[in-house]
Amino acid sequence: MIPIKSLLLFVAVFSLFSAGAGGLRAEEGDPAALAAALKNTKVTLQQGLKASERQGKPISAKFEIEHGKLQLSVYTKKGKDFFEAIVDLKTGAVAKAEKISDAGDYKEAEEQSAAMAKAKVSLVSAADSAAKANAGFRAVGITPELKDGHPTAEVNLLQGTTFKKVAAKLD
C-alpha cells in the first residue's frame, strides 16, 4: 500500500508538470497571440493560397505562430508529393517550399488531398464565401475533409479577437 503523503506528493508533482506542459502547448496555439500577430498583417489567406499554386494544388492553409513568429503555411500537392509553402507576409509571395517528410504532417496532407480530389470548389472560393457570409471576419485557416463521402472544409475566421469556425461545402 502506498502511503497517502507519497501519493499526494506524486499527484502534486504530476499536476505541476502537466500544467507546465499544457502552458507550452497553449502558447503555440494561443488564439489571443495569433489575433494580435495578425492585427497588422495585410496578406490574406486567399492571397497565400493563390501564390502557392506555383508549388502545386493547394490542399490546406493556415496562419500560425511557429517558433514565436507568425507565418502563413500552405500545404500543396504536386504529382505524388506534398509540400509546405511558407508565404512571405510582406510580399504575399512564396518565400520557401519544402517537401513534407514528417509522418504526421504527411498523413494530414494525404487526408486533405483525398478531400480536394473530390472537390469542385477551390479553397480560395470557399474561404472567400465564408468571409463574405460573415461580415467583418477574415479567413485565417482552411482545412478540407471528407464527411460522408462529401468534401467539406472547416474555415477558421477571425474578427478582432473573436474566432469562429464555419463549414463550407466543396462539392
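Structure's up top.
Residues numbered from 1 in each chain as written. Predicted model: local features only at pLDDT ≥ 70, side-chain atom pairs only at ≥ 80, totals over all residues. Heavy atoms only, no water.

Visitor: Even after reading the chapter, I still don't get the pattern of salt bridges, so can you show me in this structure?
Guide: Once the charged atoms of two side chains with opposite charge are near each other, the side chains can pair. All told, the structure shown has six salt bridges when counted by the stated rule. Two residues, Asp81 and Lys99, come together in a salt bridge whose shortest N-O distance is 3.3 Å. Of this pair, Asp81 sits in strand 3 (residues 81–87) while Lys99 is found in strand 4 (residues 94–99), placing the two residues 18 residues apart along the sequence. We note a salt bridge from Glu98 to Lys96, for which the minimum N-O separation is 3.8 Å. (Salt bridge = Lys/Arg side-chain N within 4 Å of Asp/Glu carboxyl O. Helix = DSSP H or I, 4+ residues; strand = E, 2+ residues; numbered from the N terminus.)

Visitor: Please clarify how the packing of aromatic side chains should be interpreted in this entry.
Guide: Two measures describe an aromatic ring pair: the distance that separates the ring centres and the angle between the ring planes. Evaluation of the coordinates by the stated rule reveals one aromatic pair. With centroids separated by 5.1 Å and ring planes inclined at 80°, the aromatic side chains of Phe82 and Tyr106 adopt a geometry described as edge-to-face. One end of the pair, Phe82, is in strand 3; the other, Tyr106, is in helix 4 (residues 103–118), and 24 residues separate them in sequence. In this arrangement the basic side chain of Lys164 is found over the ring face of Phe137, its NZ or CZ atom lying 4.8 Å from the centre. (Phe/Tyr/Trp six-rings, centres within 6.5 Å; stacked < 30°, edge-to-face > 60°. Lys NZ or Arg CZ within 6 Å of the ring centre and 35° of its normal.)

Visitor: Sorry, what's going on with the nonpolar core here?
Guide: Across soluble globular proteins, nonpolar side chains have a tendency to be buried as a group. Leu45, Leu49, Phe63, Ile142 and Val155 are the most contacted members of the largest nonpolar core, which has 35 residues in total. The element contributing the most residues to this core is helix 5 (residues 123–133), with five residues. The contacts of Ile142, once residues within four sequence positions are left out, are Leu45, Leu49, Ser60, Ala61, Leu123, Ala126, Ala127, Ala153, Glu154 and Val155. (Core = buried A, V, L, I, M, F, W, Y, C linked by side-chain atoms within 4.5 Å. Buried < 20%, exposed > 50% of the residue type's maximum accessible area, 1.4 Å probe, protein only. Contact = heavy atoms within 4.5 Å.)

Visitor: Please clarify how the pairing of strand 2 (residues 69–78) should be interpreted in this entry.
Guide: Along any regular strand, the residues point their side chains to alternate faces of the sheet. Of all ten residues that make up strand 2, seven are buried, and the element is covered over most of its length. Bridge count for strand 1 (residues 57–66) against strand 2 is nine bridges, and the pairing is antiparallel. Among the inter-strand pairings, Ser60 is bridged to a residue of strand 2, identified as Tyr75. From the end of strand 1 to the start of strand 2, which pair antiparallel, there are two residues, and His67 there has a positive phi angle of about 55°. Of the strand pairs in this sheet, strand 2 and strand 3 are connected by seven bridges, and their pairing is antiparallel. (Pairing = 2+ DSSP bridges.)

Visitor: Just to check I follow, could you spell out helix 3 (residues 45–52) for this structure?
Guide: Residues spaced three or four apart along an α-helix face the same direction, because each turn holds 3.6 residues. Of all the eight residues making up helix 3, six are buried; the element is thus mostly covered by neighbouring parts of the structure. When we look at burial in helix 3, the residues that qualify are Leu45, Gln46, Gly48, Leu49, Ala51 and Ser52. Against the buried residues of helix 3 lie strand 1, strand 2, strand 3, strand 4, helix 5 and strand 5 (138–147).

Visitor: Can you walk me through the sheet that holds strand 6 (residues 150–159) in this structure?
Guide: Each strand in a sheet pairs with its neighbour through backbone hydrogen bonds, running either in the same direction (parallel) or in the opposite one (antiparallel). Read from one edge to the other, the open sheet built from seven strands follows the order 4-3-2-1-5-6-7, with strand pairing classed as antiparallel. Each having just a single partner strand, strand 4 and strand 7 (162–169) make up the two edges of the open sheet. Within this sheet the neighbouring strands show an average axis-to-axis angle of 30°, counted without direction. One ladder, built from five bridges, connects strand 3 with strand 4; its direction is antiparallel. Following the sheet pairing, Glu84 is matched in strand 4 by Glu98. Packing of helix 3 onto the sheet brings it into contact with strand 1, strand 2, strand 3, strand 4 and strand 5, and relative to strand 1 it is tilted by some 130°. (Axes fitted to C-alpha atoms, helices over the stretch in contact; angles between N-to-C directions.)

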